[in-house]
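Remarks on the overall topology
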Amino acid sequence: MNSENKVKNSWNEWSDTWYLKYRTEEAIAKIISVPASAFHPTTYGMIREAFPDLTGKRVLVPSSGDNHAVFAFHLLGARVTSSDISDKQIENASIIAKQQSWDIEFICEDTMSLSQLPSEEYDFVYTSNGVHVWIHDLKSMYNNVSRVLKRNGIYIMHDIHPFMRPFGIKAKEALTVKKPYHLTGPFGELPTYGWRIQDILNAVVCASLHIKHIEEMYAENGWFWVDDSENEGDNLTAEQIDSYSNWHDNPSAALPQWLALKAVKY
């Protein structure tokens, strides 16, 4: 059995077991009462900035899962297509839509192909939390997201930050945090700054540069990050270098150590 079928079969099973909690009357009533509750507040702000009025907009939600975002977009006036690899998820969501007399299009479809969806059809494509972990071919997914979007169409995603993926629930026992990621500075008498990925990428984009490629490099062959303010990287032995590069010995090596990007001005 190939991976796509394994994923589909698993979600078909989960749809009628632990996933029931997302289809309770209370869960649906909350979305009906406050459609914005289907989104993280920051993500919802991005959506509303891009589309102050969603009335009549063609919206696609691939890997629609619980379909909370689908229902919310419909309630906000959009013409919505919900697609998911699990026919059982689609069936269960369509039952709710029928009960509520909601006019929503439901299609059983793999997000990496979107083969049943026409090109340049949608004003907006949205993916929500938990999508990317099931995608084994990101290029195919995003090529097809781009294909189905109209010219000047918009894609917005919301998902767990990749920095969270390397850690288990016992990470608090192994890691020492010096500062939260969101604090960017200035730090120290001679000011330094700890910019986030979003700060760097947003600055590049706002300068009318088009990002073409990004690399995140891991700890290897002596290339690992240490805090120079504590002189941790001075005069390390070969054994210490190996230890710093091994995430079993040095939990921070589980994170990407370096970021490189290429951008072009058109």
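Reference entry: report on the structure contained in this document. (Residues numbered from 1 in each chain as written. Predicted model: local features only at pLDDT ≥ 70, side-chain atom pairs only at ≥ 80, totals over all residues. Heavy atoms only, no water.)

Focus: the pattern of salt bridges
Taken as a whole and judged by the stated rule, the model has six salt bridges. Between Glu121 and Arg58 there is a salt bridge; the shortest N-O distance is 3.6 Å. Linking Glu121 in the loop between strand E3 (105–108) and strand E4 (122–127) with Arg58 in strand E1 (residues 58–61), this pair joins segments that are 63 residues apart in sequence. According to the relative accessible area criterion, Arg58 is buried, its value standing at 9%. For Lys88, the salt bridge identified is with Glu91, shortest N-O distance 3.7 Å. Pair noted here: Lys88 and Glu91 are both in helix H5 (residues 87–99), with a separation of three residues, about one helical turn. Judged by its relative accessible area of 38%, Glu91 is partly exposed. Members of the salt-bridge network, linked through shared partners, are Asp16, Arg23, Lys88 and Glu91. (Salt bridge = Lys/Arg side-chain N within 4 Å of Asp/Glu carboxyl O. Helix = DSSP H or I, 4+ residues; strand = E, 2+ residues; numbered from the N terminus. Buried < 20%, exposed > 50% of the residue type's maximum accessible area, 1.4 Å probe, protein only.)

A few points about the layout of surface pockets
Considering only enclosed or pocket space, the largest pocket measures out at about 2,400 Å³ in volume. What lines the largest pocket is a set of 43 residues, and nearest its centre among them are His132, Tyr142, Tyr155, Met157 and Leu201. Elements supplying a minimum of two residues to the lining of the largest pocket: helix H3 (41–50), helix H6 (138–148), strand E5 (149–157), helix H7 (197–206) and strand E6 (210–217). Residue contributions to the lining of the largest pocket peak at eight residues, all from E5. Here the residues of the lining of the largest pocket are counted per class, giving 20 nonpolar, 14 polar and nine charged. (1 Å grid on protein atoms, 1.4 Å probe; cavity = no way out; pocket = protein on both sides within 12 Å on 5 of 7 lines; lining within 4 Å. Points joined across faces, edges and corners; volume = space filled by probe spheres on them. Nonpolar A, V, L, I, M, F, W, Y, C, P; charged D, E, K, R; others polar.)

Focus on the packing of helix H2 (residues 25–33) against helix H4 (residues 68–75)
Two numbers describe how H2 lies on H4: the axes approach to 9 Å, and their chain directions differ by 35°. Seen from above, H2 lies across H4 with right-handed handedness. In this structure, H2 contributes Ala27, Ile28, Ile31 and Ile32 to the contact, and H4 contributes His68, Phe71, Ala72 and Leu75. Partitioned by chemical class, the residues of the contact of H2 with H4 number seven nonpolar, one polar and no charged. (Axes fitted to C-alpha atoms, helices over the stretch in contact; angles between N-to-C directions. Left-handed = near helix turned anticlockwise from the far one by under 90°. Contact = heavy atoms within 4.5 Å.)

Things to note about the packing of helix H1 (residues 3–15) against H5
Look at H1 against H5: their axes get within 7 Å of each other, and the N-to-C directions meet at 35°. Contacts from Lys8, Trp11, Asn12 and Ser15 of H1 reach H5 at Asp87, Lys88, Gln89 and Asn92.

Considerations on H3
Within the span of H3, buried status applies to Thr43, Tyr44 and Ile47. Seen end-on, H3 carries its buried residues on one side only, within an arc spanning 100°. Of the exposed residues in H3, the ones pointing more than 90 degrees away from its buried face are Pro41, Thr42 and Glu49. (Arc of directions from axis to C-beta.)

Considerations on the sheet that holds E4
If you walk across this open sheet you meet the five strands as E3-E2-E1-E4-E5, and the pairing is parallel. For this open sheet the edge positions go to E3 and E5, each flanked by a neighbour on one side alone. Neighbour to neighbour, the strand axes of the sheet diverge by 20° on average, direction disregarded. Relative to E5, E4 runs parallel, the two sharing five bridges. Within E5, the position partnered with Tyr122 by the bridge is Leu149. (Pairing = 2+ DSSP bridges.)

Here's the deal with the pairing of E4
Among the six residues of E4, six are classified as buried, and the element is accordingly described as predominantly covered. Pairing geometry for E1 and E4, over two bridges, is parallel. Residue pairing in the sheet places Val59 in a bridge with Phe124 of E4. Read as a crossover between parallel neighbours, the route from E4 over H6 to E5 is right-handed. (Right-handed = clockwise from strand over helix to strand, strands pointing away.)

Structural notes on the packing of aromatic side chains
What the rule picks out here adds up to 20 aromatic pairs. Between Trp11 and Tyr19, the ring centres sit 5.3 Å apart and the planes meet at 90°, which makes this aromatic pair edge-to-face. Taking relative accessible area as the criterion, Trp11 reaches 13% and is therefore assigned buried. A relative accessible area of 8% means that Tyr19 is categorised as buried. Taking the centre distance of 5.7 Å and the plane angle of 20° together, the rings of Phe39 and Tyr44 count as stacked. The same class applies to Phe39 and to Tyr44, which are both buried. (Phe/Tyr/Trp six-rings, centres within 6.5 Å; stacked < 30°, edge-to-face > 60°.)

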